2 protein chains.
Amino acid sequence: MSVTFAQGFSAAGVVAGISSVEGKKDLALVVNNGPLDAVAGVFTSNRFCAAPVQWSRKAVADGHAKAVILNSGGANACTGEAGYQQSVSTAEAVAELVGAQAEDVAVCSTGLIGELLPLDNVLAGAKAAYAALASTAEAGADASHAIMTTDTKAKTVELTGSNGWKIGGMVKGSGMIAPQLATMLCVITTDAVVSAGQMQAALTVAAEHSFNRIDVDGCMSTNDTVLLLASGASGVEPDKDEFNKLVREACASLSRQIIGDGEGASHDIRITVTGATSEDAALACGRAVAASNLLKCAISGNDPNWGRIVSSLGTVSPEVAPYDSEKVTVDVNGVRICENGGAGRDRSEVDMTPREVHIDIDLNTGSNAEATVWTDDLTHEYVHINADYES
Amino acid sequence: MSVTFAQGFSAAGVVAGISSVEGKKDLALVVNNGPLDAVAGVFTSNRFCAAPVQWSRKAVADGHAKAVILNSGGANACTGEAGYQQSVSTAEAVAELVGAQAEDVAVCSTGLIGELLPLDNVLAGAKAAYAALASTAEAGADASHAIMTTDTKAKTVELTGSNGWKIGGMVKGSGMIAPQLATMLCVITTDAVVSAGQMQAALTVAAEHSFNRIDVDGCMSTNDTVLLLASGASGVEPDKDEFNKLVREACASLSRQIIGDGEGASHDIRITVTGATSEDAALACGRAVAASNLLKCAISGNDPNWGRIVSSLGTVSPEVAPYDSEKVTVDVNGVRICENGGAGRDRSEVDMTPREVHIDIDLNTGSNAEATVWTDDLTHEYVHINADYES
């Protein structure tokens, strides 16, 4: 289903010969058939941002977009003026096909950095994709497959609001264990009647609480892009709170799926920090713990190593997160193995067999701010994928 | 040689039964026989700092120390008041043996966090070490072995200054790929006639440019300790600049040896950032690159992946390190594979067979500030060690 779940959208995913994997679907097209053409976007903050990001950021700035073309098999990043012209040519070609201005077409790419795309293949693929456009579940699924790189499964979401308005989406994310370098491309579609401004506000908050919290430091790759498109085809003007809530749920579901498909991961780790003086403080603590290779290795070895948790916590500066180290408690999968900053119940009591590991840290400052971040464990398979895959 | 290279020091390394490895030397004693008893120290900034660090920081604050006792097999961190009392008792026992005040004895521990030490073994070991004290090369070597954990070799340094004054040292560092959690213990001795104040100034600068630059983010473990002791036994008052230089060289050598023995590492990676607007800017860029798991994996696969280098660089905020991404160049092992922020010479030209990999990044801002950091690659063996070793 993915991007075709909401009314007013058609999609396709085709084999364009961009990917080095023979016969892999590597080009997706998503078209908004209206009546609205509202769009909102969140992009990487990386200073080496890719050509398609430079293009798309400008293209969606006016709140209007008619189509999105996405390719795997090449990031078109660090490719200079020639790379930028490739994104422009791609947008122009799609614009001509769908009957729009180039500025109404967003472009997304993922794959190897530093090489130009095989443009002829991209343009021929765009034509093939246009010819294959459909509003079926299969067409949506094809699009979600075409954007995959080292992903092992397509990641989609479908939600329905009051009075029947819908929101659907797809995402690809390959190596989110080291997310500052892993490209994430996400397209979310809705048939709700909403303004671009309302969408941008909802998407910014939703991304901050989802895609920006499944990582080490909030940094992004050269190509990260999250787009939200509205067709208005349902005719339903949703309650603002409900709209915000469903956008947030869609982003949460898709980001959770990225963690579930983390490269080589054998455990999905949820780190929740409570009892902090502020949400920023809780977030800084959660991210410090999530960034620990030693902890990630321990978890992959089924060891709930609380020493590595508190050591990471101890690297957060007191200005950022005030707390008393002798009041901190840590629960892993519900067992309080660290109490008052020291040993609590025996770590052998913790059942580490579930894929999902819950690390609950209470800073006990007397305040109640909290934050949750997700990460994956660090396995032999992660090293294998990233030592041998050219990306 | 290590700590017994300089005159006026005796040392020992004995099997005390603290380590879980049967028959492993796990307790070292270093005694300053004077005539001076000057000391300087640099300690972890971790907020969950271990009991021995809390004790030793106070003990060396007055610039005087007669002895240092170090154990592997247990960190005595996150052990509360009981753990602190163990450090006090250990210092008292050593003080009685060497004829000093407890406040003149520094204590260092490394190993598993969150458990008390087997104190009887520590105290009996201290007696055995005292009985074995010698100023021989062998005694120095024994001490350097007794502090090892996952280290595969002892790490020592010996340097001689003008007029024959000497400086020697030993260090243990196990998992410096993720250094914010890896305990590093270092004792450096000199027979120069120097003041504690001069030593502290020299050591602080030296540690900043060595131990604090073989890592990801400058954070330290719960137990990290670097001590510099002076006996004055050479009778030589060294030139201040020469003294600073040799302390820095000793620290550089020992920190380089830690990288060379990084857990599971197959490459030692030197990252030099030049053409920056300030040393802090260069350092921030170097650390961002050194922190990339994706790059570390690529290097272990002999792939000089410049895309992963510039992507990491791009996560440093412009406020911290101003530069123009289109002017950046990257050389790996002398081959300019990234030019003006894009592809340069072909990556296949890079010879990745040497253990040492040199990544030279020129930000080309027009200014000339620079900084160098060292890291290791990320291998299957690293994951194995840290998934299976309880530390």
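All values derive from a computational prediction rather than experimental measurement.

## A look at the relation of the copies chain A and chain B
Stage number 1. By a simple turn and slide, chain A fits onto chain B: the slide is 0.0 Å along the axis, the RMSD is 0.0 Å, and the turn is 180°. As the rotation angle and translation indicate, the two copies are arranged about a two-fold axis. The position closest to the rotation axis in chain A is occupied by the C-alpha of A:His380, lying 2.6 Å away.
Stage number 2. A shared binding surface is used by both copies, with 100% of the interface residues of chain A retained as interface residues in chain B.

## Let's talk about the packing of helix 5 (residues 196-208) of chain B against helix 6 (residues 240-260) of chain B
Residues and elements named next belong to chain B.
Stage number 1. Following both chains from N to C, one finds helix 5 and helix 6 inclined at 45°, their axes separated by 9 Å at the closest point. Considering the angle they form, helix 5 stands oblique to helix 6. The hand of the helix 5/helix 6 crossing is right-handed. Between helix 5 and helix 6, the residues in contact are Gln198, Met199, Ala202, Leu203, Val205 and Ala206 and Lys240, Phe243, Asn244, Val247, Arg248 and Cys251, respectively.
Stage number 2. Of the residues in the contact of helix 5 with helix 6, the class split is 8 nonpolar, 2 polar and 2 charged.

## Points about the pairing of strand 15 (residues 369-376) of chain B
Residue and element names in this part refer to chain B.
Stage number 1. Counting buried positions along strand 15 gives 6 out of 8 residues, so the element sits mostly inside the fold.
Stage number 2. Pairing geometry for strand 10 (residues 268-276) and strand 15, over 7 bridges, is antiparallel. The residue bridging Asp268 from the neighbouring strand is Asp376, located in strand 15.

## Description of the domain arrangement of chain A
Residue and element names in this part refer to chain A.
Stage number 1. Domain annotation of chain A identifies domain 1 (2-260) and domain 2 (268-388).
Stage number 2. For domain 1 and domain 2, the distance between their C-alpha centres works out to 32 Å.
Stage number 3. In this complex, domain 1 contributes 15 residues to the contact, which on the side of domain 2 involves 18 residues.
Stage number 4. Summed over both sides, the interface between domain 1 and domain 2 buries roughly 1,400 Å², with carbon and sulfur atoms accounting for 51% of that surface.
Stage number 5. Where domain 1 meets domain 2, there are 3 salt bridges.

## Side note on the sheet that holds strand 8 (residues 184-190) of chain A
Residue and element names in this part refer to chain A.
Stage number 1. Spatially, 3-9-8-7-6 is the arrangement adopted by the 5 strands of the open sheet, whose pairing is mixed. The open sheet has two edge strands, strand 3 (38-43) and strand 6 (155-160), and neither has a second partner. This sheet shows a mean twist of 10° between the axes of neighbouring strands, independent of strand direction.
Stage number 2. Across 6 bridges, the pairing between strand 8 and strand 9 (residues 225-230) is parallel. Bridging across to strand 9, Thr190 finds its partner in Ala230.

The rules behind these values
- Residues numbered from 1 in each chain as written.
- Chains lettered and ligands numbered in written order.
- Predicted model: local features only at pLDDT ≥ 70, side-chain atom pairs only at ≥ 80, totals over all residues.
- Heavy atoms only, no water.
- Least-squares fit on C-alpha atoms with pLDDT ≥ 70 in both.
- Contact = heavy atoms within 4.5 Å.
- Axes fitted to C-alpha atoms, helices over the stretch in contact; angles between N-to-C directions.
- Helix = DSSP H or I, 4+ residues; strand = E, 2+ residues; numbered from the N terminus.
- Parallel < 35°, antiparallel > 145°, perpendicular 65-115°, else oblique.
- Left-handed = near helix turned anticlockwise from the far one by under 90°.
- Nonpolar A, V, L, I, M, F, W, Y, C, P; charged D, E, K, R; others polar.
- Buried < 20%, exposed > 50% of the residue type's maximum accessible area, 1.4 Å probe, protein only.
- Pairing = 2+ DSSP bridges.
- Domains from an automatic or database assignment.
- Buried area = accessible area lost by both parts, 1.4 Å probe.
- Salt bridge = Lys/Arg side-chain N within 4 Å of Asp/Glu carboxyl O.

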